[in-house]
Amino acid sequence: MWDTMIEKLKVIVFEHEGKDLITGQSNCFATIQGILVARWNKSNTPLHCMAHSLVPKYYHESWLKGESNGLRRLAPNEDIEISQNRLKCFQRYFKDPNDLKKSSLEYGAFCCGNGYFGEPHVIDAMGYEEPLSRWANHGVNVPLLQSLAYKLLSQPASSSCCERNWSTFSLIHSIKRNKLATSRVEDLVFIHYNLRLLSRRKEKYTSGPSKYWDLGGDYFNIDESINDLVELSIDESQLEGVFFEDEVQDLQEFDIEEIEEDDL
């Protein structure tokens, strides 16, 4: 599935740049591929793969047949890496050998459409029903998998949002300002974070002396530094503190009120 997505992206980028898919080279695609591979390596864990394997949509024919390019997607039980990590998750989660054996049989029935999972209305629901809803409606025959699905699929896939929020919280609620009321700090964090989001919608965020101000300073050059950011993505907290000392000795503090004077 991951390889299929990267190949699809490669076709789009190379067609846009007018380059040959076989012999051509694209710095843009190489950068994007590096980011995607880094994200895959970060998310390729037993728990993530187990959660992926419990999403019914990924076994439905409408999803497996792929796009109009003719490339067929792989179901989770057909992917080697996902299958290996799923087995690790089963072994770690079900310590009792009997539960481990039973969970394997339940997963086999689920992914192959055996028994109750082969009923037409159950198969049809795979294509449109939300994962948790489907496990609630059709998972009673596989109680171990149903319980595991409830625990995994109800969790957010990333903690990046929480990490960024905590960083902003620590910036506002400092040692010198440790008597702020909780409600006041929450309001300030909300305002601070949303001012940043609003500023990114303005034209001067991508041009002018203060472009990309929240990525490293008033004179941060995103074009010349793109190779240094390959391992990072826009939702990683590390990206917020990136700057280059050889280019800028004294970064001037940016006046956020100037950016948002039209929005206040």
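Residues numbered from 1 in each chain as written. Predicted model: local features only at pLDDT ≥ 70, side-chain atom pairs only at ≥ 80, totals over all residues. Heavy atoms only, no water.

**Student:** Summarise the environment of F117; cite the residues concerned and give the values.
**Tutor:** Take F117: it is sitting in the loop between α6 (97-112) and α7 (120-125). A relative accessible area of 4% places F117 in the buried class. Sequence separation between F117 and H138 is 21 residues; the distance between their C-alpha atoms is 7.9 Å. Apart from the residues lying within four places of it in its own chain, the contact partners of F117 are A109, F110, V122, I123, R134, H138 and V142. (Helix = DSSP H or I, 4+ residues; strand = E, 2+ residues; numbered from the N terminus. Buried < 20%, exposed > 50% of the residue type's maximum accessible area, 1.4 Å probe, protein only. Contact = heavy atoms within 4.5 Å.)

**Student:** Could you give an account of helix α5 (residues 80-93), naming the residues involved and the relevant values?
**Tutor:** Look at α5: 20 Å from first C-alpha to last across 14 residues, which is about the 20 Å you get at 1.5 Å a residue. Listed as buried for α5 are I82, S83, N85, R86, C89 and F90. Buried positions along α5 lie against α2 (27-43), α3 (46-53), α6 and α9 (143-153). Here α5 starts with a cap whose side-chain oxygen sits 3.1 Å from the backbone nitrogen of E81, and that cap is D79. (Expected span 1.5 Å × (residues − 1). Polar contact = N/O pair within 3.5 Å; in protein donor to acceptor, adjacent residues only side chain to side chain.)

**Student:** Run through a nonpolar patch on the surface, naming residues and quoting values.
**Tutor:** Residues V11, L21 and I22 make up a contiguous nonpolar surface patch of about 280 Å² in total accessible area. Position of I22 relative to the elements: it lies in the loop between α1 (2-17) and α2. I22 sits in the exposed class, given a relative accessible area of 76%. (Patch = residues over 30% accessible without salt bridge, like charges linked within 9 Å, V, L, I, M, F, W, Y side chains within 5 Å. Areas by Shrake-Rupley, 256 points an atom, 1.4 Å probe, with all protein chains shown as cover. Salt bridge = Lys/Arg side-chain N within 4 Å of Asp/Glu carboxyl O.)

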